[in-house]
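Each chain, written out:
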Amino acid sequence: MKNFLKKLLIFLFIAASIYGVGRLILVTYDSYLHVPRAPYAVMQTQDAITIKWQTPEFEVGSLEYGFFSDSMNTKIRDKKQTKKHSITISGLNECTKYYYKVSSDSLDIDNEDRSFKTLCKNADSQKIWVIGDSGEAGKDQDRVYSQMLKHIDKDFNKLDMWILLGDNAYRSGTQKQYNKNMFEPYKELVKRFVPWAIIGNHDDRRWAFYNIWDFPTKGESGGEPSGSEKYYSINNGNLHLVMLDSEMRRIDANSDMVAWLRKDLSKNTKPWVIVALHTPPYTDGGHNSDSDYDSGGRMKKVRENLVPVFDEFGVDLVLSGHSHDYERSKLIAKHTGKGKSFNKQNIVQDAKSCYSKSIKPAKNSGTIYQVCGSSAKLDQANLKHPALPFAFQEMGSIILDITPTTLSSKFINIDGKIMDEFIIKKDNTSCEGKK
Ligand SMILES: [Fe+2]
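Residues numbered from 1 in each chain as written. Predicted model: local features only at pLDDT ≥ 70, side-chain atom pairs only at ≥ 80, totals over all residues. Heavy atoms only, no water.

**Digging into the UniProt feature "domain: Purple acid phosphatase N-terminal" (unreviewed entry) in the chain**
Alright, step 1. UniProt's feature table lists "domain: Purple acid phosphatase N-terminal" (unreviewed entry) at residues 44–118, given in the numbering used throughout.
Alright, step 2. Between the C-alpha atoms that bound residues 44–118 the distance is 6 Å, and the span itself is 0% helix and 51% strand. (UniProt positions renumbered as here; feature names shortened; annotations may be inferred. Helix = DSSP H or I, 4+ residues; strand = E, 2+ residues; numbered from the N terminus.)

**Considering the sheet that holds strand 13 (residues 272–276)**
Alright, step 1. With respect to topology, seven strands assemble into an open sheet ordered 11-12-13-14-19-15-20, the strand pairing being mixed. A strand with exactly one partner marks an edge of an open sheet, and here the two such strands are strand 11 (231–236) and strand 20 (390–392). Geometrically, the sheet is characterised by an average inter-axis angle of 15° between neighbouring strands, direction not taken into account.
Alright, step 2. Sheet topology places strand 15 (residues 326–328) next to strand 19 (residues 368–372); three bridges connect them, and they run antiparallel. Bridge pairing links Arg 328 to Gln 370 in strand 19.
Alright, step 3. Those strands touched by helix 6 (residues 256–267) are strand 11, strand 12 (239–244) and strand 13, and its axis lies near 175° from that of strand 12. (Pairing = 2+ DSSP bridges. Axes fitted to C-alpha atoms, helices over the stretch in contact; angles between N-to-C directions. Contact = heavy atoms within 4.5 Å.)

**Details of the domain arrangement of the chain**
Alright, step 1. Parsing the chain into structural domains produces domain 1 (37–117) and domain 2 (126–425).
Alright, step 2. Listed by partner, the interface residues are 22 residues for domain 1 and 21 residues for domain 2.
Alright, step 3. Of the roughly 1,700 Å² buried between domain 1 and domain 2, counting both surfaces, carbon and sulfur atoms make up 43%.
Alright, step 4. When the buried area of domain 1 at its contact with domain 2 is split by residue, Arg 37, Met 43 and Gln 44 rank highest and sum to 37% of it.
Alright, step 5. Seen at the junction of domain 1 and domain 2, the total is three salt bridges.
Alright, step 6. Between Lys 52 and Asp 214 there is a salt bridge, and its shortest N-O distance comes to 3.0 Å.
Alright, step 7. Taken together, the connections running from domain 1 to domain 2 amount to 14 residue pairs in polar contact (both at pLDDT 80 or more).
Alright, step 8. At the level of elements, strand 1 (37–42), strand 2 (49–59), strand 5 (82–89), strand 6 (97–103) and strand 7 (115–117) are the ones that each hand at least two residues to the side of domain 1 that touches domain 2.
Alright, step 9. Broken down by class, the residue content of the side of domain 1 that touches domain 2 amounts to eight nonpolar, five polar and nine charged. (Domains from an automatic or database assignment. Buried area = accessible area lost by both parts, 1.4 Å probe. Salt bridge = Lys/Arg side-chain N within 4 Å of Asp/Glu carboxyl O. Polar contact = N/O pair within 3.5 Å; in protein donor to acceptor, adjacent residues only side chain to side chain. Nonpolar A, V, L, I, M, F, W, Y, C, P; charged D, E, K, R; others polar.)

**Overview of the sheet that holds strand 6**
Alright, step 1. Taking strand neighbours across the sheet as the criterion, the four strands line up as 4-3-6-7 in an open arrangement whose pairing is antiparallel. Each end of this open sheet is capped by a strand with a single partner; those strands are strand 4 (74–77) and strand 7. The mean inter-strand angle of the sheet, taken between neighbouring strand axes irrespective of direction, is 30°.
Alright, step 2. Alignment of strand 6 against strand 7, held across three bridges, turns out to be antiparallel. From the neighbouring strand, Tyr 99 faces strand 7, where its bridge partner is Ser 115.

**A closer look at the pairing of strand 14 (residues 317–320)**
Alright, step 1. Residues Leu 317 and Leu 319 of strand 14 are buried on one face, and the alternating residues Val 318 and Ser 320, pointing to the opposite face, are buried as well.
Alright, step 2. Inspection of the sheet shows strand 13 paired to strand 14 by three bridges, in the parallel sense. Bridge assignment links Ile 274 to a residue of strand 14, and that residue is Leu 317.
Alright, step 3. Read from strand 13 through helix 7 (residues 298–312) to strand 14, the crossover connection turns out right-handed.
Alright, step 4. Where strand 14 lies against strand 19, four bridges are found, and the strand directions are parallel. Each bridged residue has a counterpart across the sheet, and for Leu 319 the counterpart in strand 19 is Gln 370. (Buried < 20%, exposed > 50% of the residue type's maximum accessible area, 1.4 Å probe, protein only. Right-handed = clockwise from strand over helix to strand, strands pointing away.)

**Digging into the side chain of Ser 329**
Alright, step 1. Position of Ser 329 among the secondary structure elements: in the loop between strand 15 and strand 16 (331–332).
Alright, step 2. In this structure Ser 329 comes out as buried when scored by relative accessible area, which is 0%.
Alright, step 3. Polar side-chain contacts of Ser 329 include one of 2.8 Å to the backbone nitrogen of Tyr 369.

**Observations regarding the coordination of the iron ion**
Alright, step 1. Within the first shell, the iron ion binds the protein through Asp 167 (OD), Asn 201 (OD1), His 278 (NE2) and His 322 (ND1), at distances of 2.1 to 2.3 Å.
Alright, step 2. Considering all four donor atoms around the iron ion, angles at the metal cover 90 to 170° and the coordination shape is irregular.
Alright, step 3. Each donor residue of the iron ion lies on one chain, and together they are spaced D-x33-N-x76-H-x43-H. Of this pair, His 278 sits in the loop between strand 13 and helix 7 while His 322 is found in the loop between strand 14 and strand 15, placing the two residues 44 residues apart along the sequence.
Alright, step 4. By relative accessible area, which is 0% here, His 278 ends up buried.
Alright, step 5. With relative accessibility at 2%, the residue His 322 sits in the buried group. (Donors = N, O, S within 2.8 Å, 3.2 Å for Na, K, Ca; no water. Tetrahedral: all angles 85-135°; square planar, octahedral: opposite > 155°, others 65-115°.)

**Re unusual backbone geometry**
Alright, step 1. Cis geometry is found at the peptide bond from Tyr 170 to Arg 171, where omega equals 5°.
Alright, step 2. Within the secondary structure layout, Arg 171 lies in the loop between strand 9 (161–164) and helix 3 (175–183).
Alright, step 3. Positive phi, close to 55°, is recorded for Lys 334, a residue that is not glycine.
Alright, step 4. Structurally, Lys 334 can be placed in the loop between strand 16 and strand 17 (347–349).
Alright, step 5. Unlike most non-glycine residues, Asn 364 shows phi in positive territory, near 55°.
Alright, step 6. One can find Asn 364 in the loop between strand 18 (354–356) and strand 19.

Here it is as structure tokens:
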């Protein structure tokens, strides 16, 4: 009997080792497999941008850029032959649109209307498209995308930013899956906008995410230098946008990410603060934030360790995905427990669609939480979380409009219907008379 047990243990150990090594090889292969990729822009700042692309063959690539599509008078070349091209353009004017085109011998590149815009110090208005869990190519993803295009009258000049809330490429965020599920279906957007993407748990299954993207670590795009690509902030016009990694990074109260977040928010001078992270603190959809075990307990950690910081600095809006549905709170604060402990004291303003806050961020002035994880797929959902009264089992995306004193949000479903809409005002006018 003893011998049998010993042999069984040895067998299990060998099987586990083979599985582990096989898995490591697969993850490494999928993460660093070289795939051709059309140019895309990263590291958007007020005076610089980086353009990356991947060619099937080694070559010295080059790009030209300028103020007009028919006269690009500055050319930059790669310093050496490579398949992975990355050219940083610096010395640019702030808040300015530039056109660019990329030349390659081995990759067929569509250069029509290829452009980028530098970040703005000030802006009278900004329109932002927000999608979550969008990484499944197909007709549903197309329809959600088409409704956004319809909303902006197919005029890309009406859009200013694009935010992806994670799970950007199912099933595992591999290099190939990123091409199929993100770069290809959104190619016209990729030609014109920086995809500001955060990591989701599916992207986290491979190591491709931080290989594909370059993010600011030294405060290049605004905000406090983070020293990490996993958390950073962006200042654009009136907006301070904080991007957090809820998947790979520790989110304990004493973690480096939480310490940085406090520092970053304490130094912010922009009137609007939005935080984006994949894992929501509250949801009762495909995932259940009341479960201590769902998603490895990360929803509980977000609630217990990040929500108090959002409260402390009066963050206006927290955007998440993960549950494949749409859910939204009123202006709420100080709720770090499970759903059943949510009560009237947590509601700062008990309105459906109009909220007012002071221009200066104030502690416990309330935050609106939005879950939008249905930009390509839908799950069965209870949608009964007491903190999230506006909830729909609908596919769609969010359009945000920001002025110096207003932030408005629309959740547009797959058929183009506005299912949820609200405004936060910081213009000293009250919401009286509005619902
Ligand atoms: Fe997810």
